[in-house]
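# A closer look at the structure
Each chain, written out:
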Amino acid sequence: MTLAVGGFVPFTTIDYPGLLSAVVFCRGCPWRCCYCQNAHLQQLAGPTVEWESMLGFLRQRRQLLDAVVFSGGEPTMQPGLLNAVQQVKALGYKVALHTAAPCLDAFAAVLPELDWVGLDVKALPQDYEQITKTPGSGKNVLAAIELLLKSDKNFEVRTTAHRQFMSEESLLLLGHLLAQLGVRNYVVQRGGLNSERAEGNVV
């Protein structure tokens, strides 16, 4: 299965902690988050970059890059994600995934192949719909966290705390919930599109 690629960054130092990487932006997302930075990728249909051309680029950069990051949109919506990840690993790259894990089965299937995961936790499970504009969108978040905690993967949980859509009280409650679940690496991005990162261990 091929991959619907909506964009590609050939070189970045910030999307995989500590490694030089390229980023593949997958098209499609089931949610409509009010502060989405990649709203143009929410629709599955739209301009695409050929996956085979991406592989060709990556073959040529094996001595220059360490990793490939799949982002979006929402990569787990893509039927071809697992195959694409396996192709990239076969080239010798480490592979990371940026996801909110709305497609839990797809996330569980690709997780064993990953080296690092950035899990986007939008809010407390009961508050998801306010942000995603999608009924039932918070139902999988705790299961996705549990999958990560049971795996041997390095991961980061992050939340965009937009002042208009999340109160300080809700953010504190979310932090306590994550700590109780066992999350130790948690990042808060404040302010929506003009975000700042506050990161550290959850205690």
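What counts, and where the lines are drawn
- Residues numbered from 1 in each chain as written.
- Predicted model: local features only at pLDDT ≥ 70, side-chain atom pairs only at ≥ 80, totals over all residues.
- Heavy atoms only, no water.
- Patch = residues over 30% accessible without salt bridge, like charges linked within 9 Å, V, L, I, M, F, W, Y side chains within 5 Å.
- Areas by Shrake-Rupley, 256 points an atom, 1.4 Å probe, with all protein chains shown as cover.
- Salt bridge = Lys/Arg side-chain N within 4 Å of Asp/Glu carboxyl O.
- Helix = DSSP H or I, 4+ residues; strand = E, 2+ residues; numbered from the N terminus.
- Buried < 20%, exposed > 50% of the residue type's maximum accessible area, 1.4 Å probe, protein only.
- Pairing = 2+ DSSP bridges.
- Right-handed = clockwise from strand over helix to strand, strands pointing away.
- Core = buried A, V, L, I, M, F, W, Y, C linked by side-chain atoms within 4.5 Å.
- Contact = heavy atoms within 4.5 Å.
- pLDDT = per-residue confidence, 0-100.
- Polar contact = N/O pair within 3.5 Å; in protein donor to acceptor, adjacent residues only side chain to side chain.
- Axes fitted to C-alpha atoms, helices over the stretch in contact; angles between N-to-C directions.
- Parallel < 35°, antiparallel > 145°, perpendicular 65-115°, else oblique.
- Left-handed = near helix turned anticlockwise from the far one by under 90°.
- Nonpolar A, V, L, I, M, F, W, Y, C, P; charged D, E, K, R; others polar.

## Quick word on a nonpolar patch on the surface
A contiguous nonpolar surface patch, about 220 Å² in accessible area, is contributed by Leu142, Leu149 and Leu181. Within the element layout of this structure, Leu142 appears in helix H5 (residues 141-150). A residue is classified by how much of its surface remains accessible, and Leu142, at 40% relative accessible area, is partly exposed.

## Some details on the pattern of salt bridges
As enumerated under the stated definition, the model contains five salt bridges in all. Its salt-bridge partner being Asp120, residue Lys122 comes within 2.7 Å of it at the nearest N-O pair. Considered together, Lys122 and Asp120 belong to a single accessibility category, that of buried residues. A salt bridge links Asp152 to Lys153; the nearest nitrogen and oxygen atoms lie 3.7 Å apart. Looking at Lys153, the relative accessible area reads 17%, which means it is buried.

## Notes on the pairing of strand S5 (residues 116-120)
In terms of residue burial, S5 counts as a mostly covered element, since five of its five residues are buried. Side chains Trp116, Gly118 and Asp120 project from S5 onto one buried face, and the interleaved Val117 and Leu119 project onto a second face that is buried too. Pairing of strand S4 (residues 94-99) with S5, which is carried by four bridges, proceeds in the parallel orientation. Counted as the bridge partner of Ala96 is Trp116 from S5. The β-α-β motif built from S4, the intervening helix H3 (residues 104-110) and the parallel element S5 has right-handed crossover chirality. Sheet topology places S5 next to strand S6 (residues 154-161); five bridges connect them, and they run parallel. Residue Asp120 lies in a different strand from S6, and its bridge partner there is Arg158.

## Let's talk about the nonpolar core
Counting residues in each nonpolar core, the largest one holds 53 residues, and the members touching the most others are Leu3, Trp51, Phe70, Val88 and Leu119. Counting residues per element, this core draws most heavily on helix H1 (residues 51-60), at five residues. When neighbours within four sequence positions are excluded, Leu119 is seen to be in contact with Thr99, Ala100, Ala101, Ala144, Ile145, Leu148, Glu156, Val157 and Arg158. Among the nonpolar cores identified, the runner-up in size contains nine residues, and Tyr16, Val23, Leu41 and Ala96 belong to it.

## Examining the environment of Ala143
Among the secondary structure elements, Ala143 is positioned in helix H5. Sequence separation between Ala143 and Thr13 is 130 residues; the distance between their C-alpha atoms is 30 Å.

## Some remarks on the confidence of the model for the protein chain
Per-residue confidence for the protein chain gives a mean pLDDT of 91; residues scoring 70 or more make up 93%. Here residues 192-203 is a poorly scored stretch, pLDDT under 50, and it has 34 contacts once near neighbours within four places are set aside; other chains count.

## Some points on the side chain of Lys153
As for its placement among the helices and strands, Lys153 is situated in the loop between H5 and S6. At 3.0 Å, the side chain of Lys153 and the backbone oxygen of Pro112 are in polar contact. Beyond its immediate sequence surroundings of up to four residues, Lys153 is in contact with Leu111, Pro112 and Leu114.

## Description of the packing of H1 against helix H2 (residues 81-90)
Where H1 contacts H2, the two axes come as close as 10 Å, and the packing angle between them is 20°. Taken together, H1 and H2 sit at an angle that is classed as roughly parallel. For H1 against H2, the interelement crossing comes out right-handed. Contacts from Trp51, Leu55 and Leu58 in H1 reach Ala84, Gln87 and Val88 in H2. Class assignment for the residues of the contact of H1 with H2 results in five nonpolar, one polar and no charged.

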